[in-house]
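# Analysis of the macromolecular model
This is what each chain is made of:
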There are 4 protein chains.
Amino acid sequence: MTRIRAGILGATGTVGQRLIQVLDDHPWFEVAALAASDHSAGKPYGEAAHWQLEAPLPERLAGLRVDACRPGLDCDFVLSGLPSAIAAEVEIEFARAGYPVVSNASTHRMDGDVPLIVPEVNAAHVEAVEAQRRRIGGRGFVVTNPNCSVIGLVIPLAAIDRAFGLEAVHVVTMQALSGAGYPGVASLDINDNVLPDIGGGEEAAKIESEPLKILGRWTGDRFDDRAFPISAMTHRVDVRDGHLEACSVTLKTPASPDAVEESLRGFTSDIDALDLPSAPRPAILVEGRADRPQPRLDRDRSGGMAVTVGPVSRCPVLGFRFRVLSHNTLRGAAGAALLNAELLYRRGWIG
Amino acid sequence: MTRIRAGILGATGTVGQRLIQVLDDHPWFEVAALAASDHSAGKPYGEAAHWQLEAPLPERLAGLRVDACRPGLDCDFVLSGLPSAIAAEVEIEFARAGYPVVSNASTHRMDGDVPLIVPEVNAAHVEAVEAQRRRIGGRGFVVTNPNCSVIGLVIPLAAIDRAFGLEAVHVVTMQALSGAGYPGVASLDINDNVLPDIGGGEEAAKIESEPLKILGRWTGDRFDDRAFPISAMTHRVDVRDGHLEACSVTLKTPASPDAVEESLRGFTSDIDALDLPSAPRPAILVEGRADRPQPRLDRDRSGGMAVTVGPVSRCPVLGFRFRVLSHNTLRGAAGAALLNAELLYRRGWIG
Amino acid sequence: MTRIRAGILGATGTVGQRLIQVLDDHPWFEVAALAASDHSAGKPYGEAAHWQLEAPLPERLAGLRVDACRPGLDCDFVLSGLPSAIAAEVEIEFARAGYPVVSNASTHRMDGDVPLIVPEVNAAHVEAVEAQRRRIGGRGFVVTNPNCSVIGLVIPLAAIDRAFGLEAVHVVTMQALSGAGYPGVASLDINDNVLPDIGGGEEAAKIESEPLKILGRWTGDRFDDRAFPISAMTHRVDVRDGHLEACSVTLKTPASPDAVEESLRGFTSDIDALDLPSAPRPAILVEGRADRPQPRLDRDRSGGMAVTVGPVSRCPVLGFRFRVLSHNTLRGAAGAALLNAELLYRRGWIG
Amino acid sequence: MTRIRAGILGATGTVGQRLIQVLDDHPWFEVAALAASDHSAGKPYGEAAHWQLEAPLPERLAGLRVDACRPGLDCDFVLSGLPSAIAAEVEIEFARAGYPVVSNASTHRMDGDVPLIVPEVNAAHVEAVEAQRRRIGGRGFVVTNPNCSVIGLVIPLAAIDRAFGLEAVHVVTMQALSGAGYPGVASLDINDNVLPDIGGGEEAAKIESEPLKILGRWTGDRFDDRAFPISAMTHRVDVRDGHLEACSVTLKTPASPDAVEESLRGFTSDIDALDLPSAPRPAILVEGRADRPQPRLDRDRSGGMAVTVGPVSRCPVLGFRFRVLSHNTLRGAAGAALLNAELLYRRGWIG
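Residues numbered from 1 in each chain as written. Chains lettered and ligands numbered in written order. Predicted model: local features only at pLDDT ≥ 70, side-chain atom pairs only at ≥ 80, totals over all residues. Heavy atoms only, no water.

### Remarks on the overall build of chain A
When helices and strands are tallied, chain A shows 12 helices and 17 strands. Relative to the compact-globule value of 20 Å for 351 residues, chain A shows a C-alpha radius of gyration of 19 Å, a close match. Projecting the C-alpha coordinates of chain A onto the three principal axes gives extents of approximately 60 × 50 × 40 Å. For chain A, with 351 residues in total, the buried portion stands at 65%. Long-range pairs, those at least 24 residues apart, make up 75% of the contacts in chain A with a sequence separation of at least 6. Carbon and sulfur atoms make up 47% of the accessible area of chain A, which totals about 11,600 Å². (Helix = DSSP H or I, 4+ residues; strand = E, 2+ residues; numbered from the N terminus. Rg over C-alpha atoms; globule rule 2.2 N^0.38 Å. Buried < 20%, exposed > 50% of the residue type's maximum accessible area, 1.4 Å probe, protein only. Contact = heavy atoms within 4.5 Å. Areas by Shrake-Rupley, 256 points an atom, 1.4 Å probe, with all protein chains shown as cover.)

### As for the pairing of strand S2 (residues 29-36) of chain C
All names here are of chain C. Among the 8 residues that make up S2, 6 are buried, leaving the element largely enclosed by the rest of the structure. Where strand S1 (residues 4-9) meets S2, 6 bridges bridge the pair, whose relative direction is parallel. Bridging from a neighbouring strand, Ile-8 pairs with Leu-34 of S2. A crossover links S1 with its parallel partner S2, the connecting element being helix H1 (residues 14-23), and its sense is right-handed. In this structure, S2 lies alongside strand S3 (residues 67-68), joined through 2 bridges in parallel fashion. Its bridge partner being in S3, Ala-36 is matched across the sheet by Ala-68. (Pairing = 2+ DSSP bridges. Right-handed = clockwise from strand over helix to strand, strands pointing away.)

### Considerations on the confidence of the model for chain A
Averaged over all residues, the pLDDT of chain A is 96; the fraction at 70 or higher stands at 100%. Interface confidence in the predicted complex, given as ipTM, is 0.96; pTM for the same model is 0.96. (pLDDT = per-residue confidence, 0-100.)

### Some points on the interface of chain C and chain A
Facing 8 residues of chain C, the contacting portion of chain A comprises 8 residues. With both chains or domains summed, chain C and chain A bury close to 910 Å², and 36% of this area falls on carbon and sulfur atoms. Per-residue buried area on chain C facing chain A is highest for Glu54(C), Arg296(C) and Leu297(C); these three make up 55% of the total on that side. The interface formed by chain C and chain A holds 2 salt bridges in total. Here Glu54(A) ties to Arg296(C) by a salt bridge, and the two come within 2.8 Å at their closest N and O atoms. (Buried area = accessible area lost by both parts, 1.4 Å probe. Salt bridge = Lys/Arg side-chain N within 4 Å of Asp/Glu carboxyl O.)

### Here's the deal with the pattern of salt bridges
Within this structure, the stated rule accounts for 84 salt bridges over all chains. A salt bridge links Arg281(C) to Asp275(C); the nearest nitrogen and oxygen atoms lie 3.2 Å apart. The class for Arg281(C) is partly exposed, based on a relative accessible area of 44%. For Asp275(C), a relative accessible area of 49% puts it in the partly exposed group. Residue Asp76(D) pairs with Arg5(D) through a salt bridge whose shortest N-O separation is 2.9 Å. Taken together, the positions of Asp76(D) in the loop between strand S3 (67-68) and strand S4 (77-80) and Arg5(D) in strand S1 (residues 4-9) put the pair 71 residues apart, joining distant regions of the chain. Beyond isolated ion pairs, a larger network of salt bridges with shared partners links Glu287(A), Arg292(A), Asp298(A) and Arg301(A).

### Regarding the nonpolar core
All names here are of chain C. With 45 residues, the main nonpolar core has Tyr-45, Phe-77 and Leu-79 as its most contacted residues. Broken down by secondary-structure element, the contributors of at least two residues to this core are S1, H1, S2, helix H2 (45-48), strand S4 (77-80), strand S6 (141-144) and helix H12 (330-346). At 8 residues, the largest contribution of residues to this core is made by H12. Inspection of this core shows a minimum of three residues originating in each of domain 1 (4-147 + 334-346) and domain 2 (148-327). In contact with Tyr-45, not counting residues within four places along its chain, are Ala-11, Thr-12, Gln-17, Ile-20, Leu-34, Trp-51, Leu-57, Leu-61, Ala-62, Leu-64 and Val-66. (Core = buried A, V, L, I, M, F, W, Y, C linked by side-chain atoms within 4.5 Å. Domains from an automatic or database assignment.)

### What to know about the relation of the copies chain A and chain B
Each copy of the sequence occupies a distinct position, and chain A is placed on chain B by a rotation of 180° and an axial shift of 0.0 Å, giving an RMSD of 0.0 Å. Both copies are brought into coincidence by an operation consistent with a two-fold rotation axis. Taken together, the interface assignments show that 100% of the residues at the interface of chain A recur at the interface of chain B, consistent with an identical surface on both copies. (Least-squares fit on C-alpha atoms with pLDDT ≥ 70 in both.)

### Comments concerning the relation of the copies chain C and chain A
Relative to chain A, chain C is turned by 180° and slid 0.0 Å along the rotation axis, the superposed coordinates differing by an RMSD of 0.0 Å. The share of interface residues of chain C whose copies in chain A are also at the interface is 100%, consistent with both copies meeting through the same surface.

Following this line, the structure appears as structure tokens:
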């Protein structure tokens, strides 16, 4: 079988490296092009990138020449790990030039005709691409995945919402270093410390808005977002990978801790039938021990693609509470984009 | 001036060491006796203790012989840094034998006639000592300070409660290693990790109950506790000292973020007039930057005795939110006990 | 094919857990018995052990009943991850009872008829087992692997010694937390710190003596150890796994940095022909970059069984210098014991 | 008494902040000017600097306007914490303009007429300033202090050299994060890791050369450096402050561990009589416990200005071995420069 050729935008960054890792030995896709800043363009990738992963850089890619981030890449679609500021224009250029763009950048997530997709939750949002194509003009389009703190949260929320209806969500995050990219957080800032308010409030703003779009629906010409309140307080901790979130929820209908756990354990989705290579089964792992999930012990479960949820208990203030953990650069970024690409391929939007 | 002679129970532990540190050069008190487990008794303190503080062990105390934790200590009162299981009996023995016992242990905190005191908040609770003396029979008594996560929380809550009335409190903690004592948390557990649910739920239970006693009142024959709901989710992070807590509150009367901050900035207390040597002035420091407080940068302010609160903002779910930070073994343990001892001395209960 | 049945002594400890991990899906061996302290005996393993590895505990073993560490285990040989104090008697008991004992404990390493084996270096030492059997009386025997800091050092030393002759070795170690077992190093001791002199000098003593036995030869009735001086200074650093060692050597014959590197790159051994499942090929990886090896990036190479050596340069004082890194609980403990077991099986001493 | 007015070049950096800290409440000097990059110039210091120290920024300085690094600063001398590349020209400009420049930068350290001073060791080198003034033309001059890893090493070496004569020195360093400045080391690089070969070999090169100049003598028209070999291997560890070094030495005359320790304990210097405010007394602290010195426990001794040396033992390869520890941004940088300034003031070269 001929593999679909993927290009990676922002290939030298933290997310770009993870994209290379998750595409290694992929059954459908192969890395055909690596694009990065003009500073890196022209160099062999092994030289341009400061490779940081324990998994070694595949030798074939070490020798691949890095391209600039401009249309003309020899590939069937692109995965974008670009910084948001740069993604704004570059991704649209690629879409206009006819490329499907599967992006991890935040820039276009909340645009009125750009799908913000977590396949297990809102695969149907991909239909918005039709409207987007009309706007942009051409065959290309942009599909996005949520912020790394949102993915781990919104999958359990979707399960609970489906069963009991969400009325309010309160979340406090303890996020890993890799979420800030490289060089990212200075060691002098985080050693023996915790840093509140990631991104000057922008991280919290994403957590408070993106789930409302994801849990909403595409009406055929616009997104009908949900409207319940979400409160997010964010923190950076001295952990390499894995975002831990302490979550409390208020539900519309009566429930019990056991019933809420059951809704998490029983969570299934339309995409189960699609057999996507990167889809974890189940998508949600429920831990019975109160001292779990922990970043180090749970982030790599199901290849870093599962969301682990701790036991559910009553919250004296809001109703129910539990912790969620997901790998921020796998399930929360590179793996999320790849899963979106797999969905698009299966549904005929790529390839 | 003759100094009041203090004995330290549990002198070799983490809290015991901090007690020695805060009593060094104290204007009123001097360390006269160091007591610890039978295993340590008889040895010079410098040999019995695995000294862990950057501040050097005062030479005079290094040579002091450690006593067993039994009445007979040659001192005017005792400060107890005993583990709770041991404190249960030992502290009562000392009280019966006539010693004022100023304890950091959790055992007797919620007892019906034992004051649980934060001087800035509920100094009047000390009156319960009369009832306690009648029960125990004798001149001695036990006075306690709250759990290390409670102190940093309850001082700002008291300020806000006074101004607007508390209706509900939701708190998520990120707590330091020293809170677990020594050897405490294994490095293999916390390196590159966060540990949820400290103490198998006991830490959260203390946070959900102790503030209700502290913010309540002593009626003359019993404590009349407050009854609003508190939700606490606890976590251990790889930080040496300083508990950070993300807090949301619902208030009874309308307020604004500025007004809530004003209530914190303007917080004063009856004990300001007593001029206690360890009392921070002000008790609450309000930080204007959203990325503060941070454990490393803020834990040592005012000698580790101040509580630092970050900017107050609206919480979409509960009303208002902010972060608090306090030094868990100074303001949260040794300093707390010492401040209680100073209060008792000024009021004539010690010495 | 019927698998050889392995028993694990000290199965709940840090090394025991790694033994379970490396035996998972082993082509020749299967875990048939798990033995630990009397405190654990009788419980299902999943309950008795505080499982600390990212790799999940195989479900079959979670339910296996833990045995006491006494002969009678239903298995063909035992792998021992026992603490040295306990290993002293227990391992000899098992050997007397007829079990081949493949041990990671230090107790018997320097005994006059106990092989201390690194298969790539001194597989021939296994012949000492004959003499040992005569002494103990019976079919069983004890074979040991070196200290975790010695293995990573002695393989490169063997390569260099073979080519140029060693005259003196100076090594300074920076060792990982897992080397101290669990709970091991207290987080309060190592956070923001380095701890010199591991084990009160015992670690250094092993590094200064064990290589002399390994690089020596078995004469048929005794070990003829080498006699060059080794100086070791040891340190614990805040790293989970992977011992890094800064090494300087004086050689007998003239050499150049390139020639020394060549001796490392060209290192082969008799066991290459045996095709042992856990043997890394090559045994030594030479890194060209001066900022390598690094614990996090290099410890897991070749399944954690390779030794990574950085570039060789001239040492102004001793001749040549370089750094070595190996995974202390894989190559340095569990993997080392397993590799010895594989050697023994291939040579007919087990099974 | 009128205080001498100090200007700080590179005031916003890691060393600059420490300079401000050590000058706070100084009996002779006061901070009169703060200079930094053009980017910072014109802003109030509190805004221009990302203050990282636990000790709060003195309020008076928070409001001081930052100047550009050009002659014209209103002060009696300057302390330079400039990066080396910038120091090259700027410091000479200031010297030409008549300012005494007391520099921590590496640029001019090895220049033929620039004193590289550790007051306890080679205060007499300051005489080279006369020659330097002739070359530069004018009243100003540059005096430097050594690299942060050299200071902690060279003071004990001086003591030993004086008693027994040094023939060779071998050192392996474990250096703190603050030595790399800010933002410096990325947390993703150092978390759960050790980084070899600081500065691409430049750090080692300084350690191998600077002590030879410091331990040499000024002949009246040139420096007569020592010539024994020094070998240095450098490493960065996840520690905030405090460089730990494992050191072995070969001596010219016979000695014993006790005698070597005695030479360290008995170390005195000409400057003891000068009563310099920042001079630690004694300059060398000798620890009896083999597990000391440790960065966290020993870096702040004598206000961070003492060098702590562990017990001396025999090195089987080189003769004797021991560990040294010093605070890299106090004794190793800001405090070193300040002590040089105090020496210059006392000797009449400043003020």
